[in-house]
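Examining the three-dimensional arrangement
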Amino acid sequence: MPVDYCRGRGIKVTNTPDVLTDDVADVAVALILMTGRGFVRANRFVHAGEWLKRGPELTTRLGGKTVGILGLGRIGKAIAERVTAMGMKVAYTGRKPQDVPYAFVPDLAGLAAASDFLVVACPGGAATRNIVDARVLAALGKKGTLVNIARGSIVDEPALVQALAAGTIGAAGLDVFADEPHIPPALLAMDNVVLLPHVGSATQETRQAMGDLCKANLDVWFAGRPLLTLIPELA
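Residues numbered from 1 in each chain as written. Predicted model: local features only at pLDDT ≥ 70, side-chain atom pairs only at ≥ 80, totals over all residues. Heavy atoms only, no water.

To continue, consider the nonpolar core. Formed by 29 residues in total, the largest nonpolar core has its most connected members in V120, V132 and L146. Among the elements of the structure, α5 (108–114), β4 (117–120), α6 (134–140), α7 (157–166) and β6 (171–174) are those that each provide at least two residues to this core. Counting residues per element, this core draws most heavily on α7, at five residues. Those residues in contact with V120 that sit more than four places away from it in its chain are L70, V132, L146, V147, N148, I149, A150, I154 and V155. Counting 28 residues, the second largest nonpolar core, distinct from the first, contains V24, A25, L62 and I79. (Core = buried A, V, L, I, M, F, W, Y, C linked by side-chain atoms within 4.5 Å. Buried < 20%, exposed > 50% of the residue type's maximum accessible area, 1.4 Å probe, protein only. Helix = DSSP H or I, 4+ residues; strand = E, 2+ residues; numbered from the N terminus. Contact = heavy atoms within 4.5 Å.)

Shown next, in the form of structure tokens:
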């Protein structure tokens, strides 16, 4: 979104905070479950008739594992609450420490090194473009999993493909991509990657709430009253 263009022309830009928080957090947890417990591979295993021939592979227990959250905003906090309820540990990084019961790690590479699952939940834009790069992925390590439910621009996608192909990291669960709906063919071919078509907010209830909030903003604007929501950069 061209913030400078809008600011320079006095254009008001509204957003829809809160209404999609829970749905997006649910998708993050689903990706942790699908990658960590291998549920997508298990589903394919059954559909292919392989269970008639052999037993499924063992995966990993999630309880006790550490979820590192990049960006502890509304969605990041909702993710933290969910994985804590699953018996997982939480660490996070951001601009500054918050008054929360989770471990703060001041730099992203340090967070990746401390994490079993690194969840990207920060805003997109120029400030965060490709900040999850080859160095961060190397710190995450071969037993680590990257989960991205934020924006595709935050992850250096070619570096991610290379890290997965080389075994630098163990797996990835992705709901967003750099050039949606186009996904690198290499990712499509990988069995250790779970791919979703940007469905974080794709529930009937959330899309209705988003539409209702948009209309409410239009109603108050034409009535000469203050807008209900504005993106922080243009508030």
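With that out of the way, let us pick up the side chain of S153. Of note, S153 is situated in the loop between β5 (145–148) and α7. Among the residues examined, S153 registers a relative accessible area of 19% and is labelled buried. In this structure, S153 is in contact with G124, G125, T128, R129 and N130, ignoring residues within four places of it in sequence.

The seven strands are arranged β3-β2-β1-β4-β5-β6-β7 in an open sheet whose pairing can be described as parallel. The sheet is open, and its two edges are formed by β3 (103–104) and β7 (193–195), each paired on a single side. Taken together, the five bridges between strand β1 (residues 66–70) and strand β2 (residues 89–93) define a ladder with parallel strand orientation. Its bridge partner being in β2, I69 is matched across the sheet by Y92. In the packing of helix α2 (residues 21–36) onto the sheet, contacts are made with β1, β4, β5, β6 and β7, and the angle to β4 comes to roughly 150°. (Pairing = 2+ DSSP bridges. Axes fitted to C-alpha atoms, helices over the stretch in contact; angles between N-to-C directions.)

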